[in-house]
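Below are the chains, spelled out letter by letter.
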Amino acid sequence: MKITVVGTGYVGLVSGTCLAEVGNDVLCLDVDPAKIRILEEGGIPIYEPGLQEMVRRNVAAGRLHFTTDIEKAVQHGTIQFIAVGTPPDEDGSADLQYVLAAARSIGRLMTDYKVVVDKSTVPVGTGAKVKAAILDELAKRAVDIPFSVVSNPEFLKEGAAVEDFMRPDRIVVGAEEEQAIHLMRALYAPFQRNHERLIITDVKSAELTKYAANAMLATRISFMNELANLAEVLGADIEMVRQGIGSDPRIGYHFLYPGCGYGGSCFPKDVKALIKTAADDANISLKVLTAVEEANDAQKHVLTGKLKARFGDLKGKHFALWGLSFKPNTDDMRDAPSRELIADLFAAGATVTAYDPVAMHETQRIFGDEPRLQYAENPMGALDNADALVIVTEWKEFRSPDFEAIKQTLKNPVIFDGRNLYDPKFVRGLGIEYFAIGR
C-alpha cells in the first residue's frame, strides 16, 4: 500500500518505519528541512532503541522515503497519517493548529480518494474538525472528491516503541465508512497474524480511548506515590505493599512503582487536555484526574524535601545526579522530574553534576550554558566532590553499582533514590545512608 505520514516526530517516524518494514511504500513528510536532512543522511532526530537500524534498512530497500514537498506527499499515499505534534496550549488544551494545517493541505492538494488518519493524540471531536477543514478546502476548489477520516491512536511506549508497533496489544480504529475500515484492516493485517487485535469503534470513542488509557496509567502512578508517602510516615514498606496488592489479578503489577513523579510527552499533556476537554466541552469537572495532576506536581519535589531534611540549608552544596530523561531508554526530557529537581537545587543555591546515558545532549539544549550544571562522562565521574548521590531515572546501568566506590568517592556516603532501585537493608548495611520513596 502507498502510505504518507505527515510529521517525522516520535509517532510519525516509528509508525512510518514499521509500516515500511512489512512491505508498504511509505513517504514521510516534514516541514522541517533539518529533520529531513538528518533522516536522508541515515541519522534519526530522536533516540529510540532499534529504530535507526530499521530506518536505514527500509531506506536501502526503497520502501521508506522522506520529503519536505507537501504536494508530493499528498499525491503519494491513499492512506494519509497525520502524526504532527499537539502541544498543550497555555490553558492546558491540546493545540490542534498543526493537525488542522495538515488536513487543509490534504484538502487543497488531493486529486483522488484518501483515508485521512488521525495518529496524533487529539481531543474528542477532532475527527469532525479535520473533516470540516478538508471539506472547506475542497469547496474552495469547487470539487467533490471522496475521503474518509479515521482515528487510529498510538499506544507506543517510549523506549519500546518499535516492539509495541510490530507486536501490538490492540489496534484501535475509529471509522464509520466501510471502505476506510476495509483499507485499515488490510493495512494492519501483517501485525495480527496469530489473533485479531483490531478493535473497530466510532471516531469519538477511539479518540477518547487514547486519553482514557494514559489517564488511567497516570492515576495508578499518582495513587502509588501518595501511598508511598503515607507508608514512609507510618513506617510501612511500599515495596511489600506493592507486592501485596499487585498479586490481586484485578489490580496487577503494572504501573505500581512509586517514584519521583511521571513525565514525558504523553501523561502530563494528556491528563491536562482531558481535564480541559471535560470542562469546556461537557461542563464536567474530572475530580480524580485533577487530583492525579496535583499529586504528580507535588511528587516532583519530594526529593528536594528529603535533601533539605537531611542537609538543612543547601546553599553551597554539590549533588551528583544519575538520570535526566523522564524514563529509561529515551532522551525525552519533556516534563522530566529531573528538570524540577535541578531547578529546585539551583533555587536553593546548590550545584549539580549529572550523568545520563543518552539525555545529556538534550539537557544541554534545555539549560544552555548553565555554569551550575556540569556533566560527567560516566556514572562514577558524577560523584567527585558531591555531597550526595541522587537517582532520578532507573537506567539499567544504575541497578548494580560499586557501592564501595560510591562510599569512597562521595563527601558523605548518602544516596537519595527516587526510583527505589536498591534494597534499603543491604545498602544501609554497607554504611551508606539511604533515602528511598516509601521505604
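Residues numbered from 1 in each chain as written. Predicted model: local features only at pLDDT ≥ 70, side-chain atom pairs only at ≥ 80, totals over all residues. Heavy atoms only, no water.

**Student:** Looking at this structure, how should I read the overall build of the protein chain?
**Tutor:** Looking only at helices and strands, the protein chain features 17 helices and 14 strands. For the protein chain, whose C-alpha radius of gyration is 24 Å, the value lies close to the compact-globule estimate of 22 Å for 439 residues. By residue count, 54% of the 439 residues in the protein chain fall in the buried class. For the protein chain, the proportion of contacts with a sequence separation of at least 24, taken over those separated by at least 6, is 73%. Counting every atom, the protein chain has about 19,500 Å² of accessible surface; 52% of that belongs to carbon and sulfur. (Helix = DSSP H or I, 4+ residues; strand = E, 2+ residues; numbered from the N terminus. Rg over C-alpha atoms; globule rule 2.2 N^0.38 Å. Buried < 20%, exposed > 50% of the residue type's maximum accessible area, 1.4 Å probe, protein only. Contact = heavy atoms within 4.5 Å. Areas by Shrake-Rupley, 256 points an atom, 1.4 Å probe, with all protein chains shown as cover.)

**Student:** Quick question: what am I supposed to make of the packing of aromatic side chains here?
**Tutor:** What describes a pair of aromatic rings is the distance from one ring centre to the other and the angle between the planes of the rings. Summed over all chains, the structure comprises 14 aromatic pairs. Centroid distance Phe 403 to Tyr 422: 5.0 Å. Interplanar angle 85 degrees. Geometry classified as edge-to-face. Here Phe 403 is found in helix α16 (residues 403-409), whereas its partner Tyr 422 is found in the loop between β13 (414-417) and α17 (424-429), with 19 residues between them in sequence. We note that Phe 403, like Tyr 422, is buried. An aromatic cluster is present here, built from Phe 311, Phe 319, Phe 416 and Phe 435 joined pairwise through their rings. One Lys or Arg, Arg 310, reaches over the ring of Phe 311 and ends 4.7 Å from the middle of that ring. Just above the ring of Phe 346 sits the side chain of Arg 372; from NZ or CZ to the centre is 4.3 Å. (Phe/Tyr/Trp six-rings, centres within 6.5 Å; stacked < 30°, edge-to-face > 60°. Lys NZ or Arg CZ within 6 Å of the ring centre and 35° of its normal.)

**Student:** What exactly am I supposed to notice about helix α13 (residues 302-311) here?
**Tutor:** Side chains of residues three or four places apart in an α-helix project in the same direction, reflecting 3.6 residues per turn. Among the residues of α13, Val 302, Leu 303, Thr 304, Lys 306, Leu 307 and Phe 311 are the ones counted as buried. Where α13 is buried, its residues contact α9 (203-234), α12 (287-299), β9 (318-322), α14 (337-347), β12 (388-391) and β13.

**Student:** What am I meant to see in the pairing of strand β5 (residues 114-118) here?
**Tutor:** Moving residue by residue along a regular strand, the side chains alternate between the two faces of the sheet. With five of five residues buried, β5 is to be regarded as a mostly interior element. In this fold, the crossover linking strand β4 (residues 79-82) to β5 by way of helix α5 (residues 97-109) has right-handed handedness. When β5 meets strand β6 (residues 147-151), the two strands line up parallel, connected through five bridges. Looking across to β6, one finds that Asp 118 is bridged to Ser 151. (Right-handed = clockwise from strand over helix to strand, strands pointing away. Pairing = 2+ DSSP bridges.)

So, to be careful, I would describe these as geometric facts and stop short of saying anything about function.
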